[in-house]
Amino acid sequence: MLVERMRPHTSTIFAEMSALALRTGAINLGQGFPDTDGPPSLLADAAANIGSGINQYPPGVGAPELRAAVAEHQRRFYGMDVDPDAVLVTTGATEAIASAVLAFCEPGDEVVTFQPYYDSYAATIALAGAVLRPVPLRPNANANANPNPGGQRPPGFGFDSDELRAAFSSRTRLVLVNTPHNPTGAVFDREQLTLIGQLAAEYGAVIVTDEVYEHMVYDGREHVSMATLPGMAERTLTISAAGKTFSVTGWKIGWVHGPAELVAAVRAVKQFLTYVSGAPFQPAVAAALALPDSFYAQLASDLQRKRDLLSAGLRTAGFTVFDSAGTYFVVTDVRPLGYEDGAEFCWSLPERVGVAAVPVSVFCADPELGRPLVRFAFCKRDEVLTEAVARLVALRAPAG
């Protein structure tokens, strides 16, 4: 019988909603994966690697060319001085996060993170026997500054500094920070990250940052990597991955870097999870990380346009739509459509109009926090989003 601490985590909402979309033929705007392939050069490199025999175990810490490429990426985009020997390649960011939590948390230790959160966070913390200390992200509370004051969008999500401070205690071992943030689309600014870092330092906590959406930031905003802030490099593990940036979510190539002693602790756990993976993909990702600035700029520009396309349609359909400053996702409030419960809404939506989405309440330790909220993914082809919008607008049609 499954241990008690894992019983709330027997299934993921992504699997459930994707299965429902498949069964009903609905457009799947629930799970965050693109419906197009990544850069042709990346795909060609991977195929060539398979054909040339790069198919056995890679080095336990990762292919040397990928570790060097990650270090160069961090220098190029953030001015970091990263030693390739302090980079560990993982099976996606999810494994890197799990390895960090298991490496640093004893049963009863506390992990501060923000809710709503990516669902693996709570499951991994439970697996370690640690205690989740969630800090609420709410609409309009210290929200990201709108670059167009008085403009078209409501503000996004933010946290209250007093609630953040109250989450810390003498048992705080780890602070798990996701920016750009899934599911809300919030992008934490320097002031917010500085406060998080100051509290982590005050309580002697390790900071783990999940930055997989680092290149998906919109409206001229800036992604700030926590490790670049004064005094933070020595206590921060920085995690990212190739899946989102290069539209290859099924490859599961991630990495973590930071102080050598922290990375060594993560490696001690990681080697007994998957050990290694993705031999032909690792050198392909290494080459892709060196793609020109125009690639990264076009990625953000295309996704910003897709965000705007879907957001406009959702507003026309009657949703309240919150500003998404980054990621693949936009969060809506379904109460203007006559629903109080986002989960009830999502379970009925595929049959009703042929679109699948995800309720935000499943990403919350306190489901009431996200009860009326629903997340939609906009990382799809324009024609798919246009068809989804046409279907969603039918929600405003009078009954009968």
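Everything below is about the structure printed above this text.
All values reported here derive from a predicted model rather than from experimental measurement.

Quick notes on the rules
Residues numbered from 1 in each chain as written. Predicted model: local features only at pLDDT ≥ 70, side-chain atom pairs only at ≥ 80, totals over all residues. Heavy atoms only, no water. Helix = DSSP H or I, 4+ residues; strand = E, 2+ residues; numbered from the N terminus. Rg over C-alpha atoms; globule rule 2.2 N^0.38 Å. Buried < 20%, exposed > 50% of the residue type's maximum accessible area, 1.4 Å probe, protein only. Contact = heavy atoms within 4.5 Å. Areas by Shrake-Rupley, 256 points an atom, 1.4 Å probe, with all protein chains shown as cover. Lys, Arg positive; Asp, Glu negative; His and termini not counted. Charge placed at Lys NZ, Arg CZ, Asp CG, Glu CD. Pairing = 2+ DSSP bridges. Right-handed = clockwise from strand over helix to strand, strands pointing away. Arc of directions from axis to C-beta. Polar contact = N/O pair within 3.5 Å; in protein donor to acceptor, adjacent residues only side chain to side chain. Phe/Tyr/Trp six-rings, centres within 6.5 Å; stacked < 30°, edge-to-face > 60°. Lys NZ or Arg CZ within 6 Å of the ring centre and 35° of its normal. Axes fitted to C-alpha atoms, helices over the stretch in contact; angles between N-to-C directions.

(A) Here's a closer look at the overall build of the chain. Per the secondary structure count, the chain includes 13 helices and 15 strands. For the chain, the C-alpha radius of gyration of 21 Å lies close to 21 Å, the compact-globule estimate for 400 residues. Taking the principal axes of its C-alpha atoms as reference, the chain extends roughly 65 × 55 × 50 Å. Counting the 400 residues in the chain, one finds 57% classified as buried. Long-range pairs, those at least 24 residues apart, make up 75% of the contacts in the chain with a sequence separation of at least 6. Put simply, the chain shows about 16000 Å² of open surface, and 53% of that area lies on carbon and sulfur atoms. Taken as two groups, the 31 positive and 42 negative side-chain charges of the chain have centres that lie 3 Å from each other.

(B) Summary view of the pairing of strand S8 (residues 206-210). Here S8 lies mainly inside the structure; five of its five residues are buried. Side-chain alternation along S8 places Val206, Val208 and Asp210 on one buried face and Ile207 and Thr209 on a second face that is also buried. Pairing geometry for strand S7 (residues 172-178) and S8, over five bridges, is parallel. Across the sheet, residue leucine 174 finds its bridge partner in S8, namely valine 206. For the segment spanning S7, helix H7 (residues 190-202) and S8, crossover handedness is right-handed. Alignment of S8 against strand S9 (residues 236-241), held across four bridges, turns out to be parallel. Following the sheet pairing, threonine 209 is matched in S9 by threonine 238.

(C) Geometry of the environment of arginine 7. Tracing the backbone through its elements, the reader meets arginine 7 in the segment before helix H1 (13-24). In contact with arginine 7, other than residues within four places in its own chain, are Met1 and Leu2.

(D) Inspection of the environment of isoleucine 207 at higher detail. Note that isoleucine 207 resides in strand S8. Those residues in contact with isoleucine 207 that lie beyond four places of it in its chain are Val175, Val177, Gly197, Ala200, Met226, Met232, Arg235, Thr236 and Leu237.

(E) Quick look at helix H9 (residues 260-270). When H9 is considered as a whole, its buried residues turn out to be Leu262, Val263, Val266, Val269 and Lys270. An end-on view of H9 places all buried positions within 120 degrees of arc, on one side of the element. Opposite the buried face of H9, by more than 90 degrees, sit the exposed residues Ala260 and Glu261. Where the residues of H9 are buried, they touch strand S2 (87-90), helix H4 (92-104), S8, S9 and strand S10 (254-257).

(F) Just the side chain of aspartate 109, in detail. Its location among the elements puts aspartate 109 in the loop between H4 and strand S3 (110-115). Exposure remark for aspartate 109: the relative accessible area of 13% places this residue in the buried category. At 3.5 Å, the side chain of aspartate 109 forms a polar contact with the side chain of arginine 171. In contact with aspartate 109, not counting residues within four places along its chain, are Phe104, Ala130, Val131, Arg171 and Arg173.

(G) Geometry of the pairing of S3. Along S3, six of the six residues are buried, which leaves the element largely enclosed by surrounding structure. Side chains Glu110, Val112 and Phe114 of S3 all project onto a buried face; the interleaved residues Val111, Thr113 and Gln115 project onto the opposite face, where all are buried too. Sheet analysis places S3 next to strand S4 (residues 131-136), joined by six bridges and oriented parallel. Looking at the pairing, glutamate 110 lines up with valine 131 of S4. What joins S3 to S4 is helix H5 (residues 119-127), and the crossover it makes is right-handed. Pairing analysis gives four bridges linking S3 to S7, with the strands arranged parallel. Its bridge partner being in S7, glutamate 110 is matched across the sheet by threonine 172.

(H) Structural context of the packing of aromatic side chains. For the structure shown, the criterion picks out 20 aromatic pairs. On the numbers, 5.1 Å between centres and 40 degrees between planes, the contact of phenylalanine 114 with phenylalanine 159 is tilted. Residue phenylalanine 114 is found in strand S3, and its partner phenylalanine 159 is found in the loop between strand S6 (157-158) and helix H6 (161-167); the two are separated by 45 residues along the sequence. Judged by its relative accessible area of 3%, phenylalanine 159 falls in the buried class. Aromatic pair tyrosine 328 and phenylalanine 329: ring centres 6.1 Å apart, planes at 75 degrees, arrangement edge-to-face. Both residues of the pair, tyrosine 328 and phenylalanine 329, belong to the buried class. Members of the aromatic cluster, connected to one another through ring pairs, are Phe77, Tyr78, Phe246, Phe295 and Tyr296. Arginine 375 extends its terminal NZ or CZ atom over the ring of phenylalanine 329, reaching a point 3.6 Å from the ring centre.

(I) Looking closely at the sheet that holds S3. With respect to topology, seven strands assemble into an open sheet ordered S2-S10-S9-S8-S7-S3-S4, the strand pairing being mixed. Two strands bound the open sheet, and with one partner strand each, they are S2 and S4. Across the sheet, the axes of successive neighbouring strands diverge by a mean angle of 20 degrees, strand direction being ignored. Contacts from H7 reach S3, S7 and S8 within the one sheet, and its direction differs from that of S7 by about 165 degrees.

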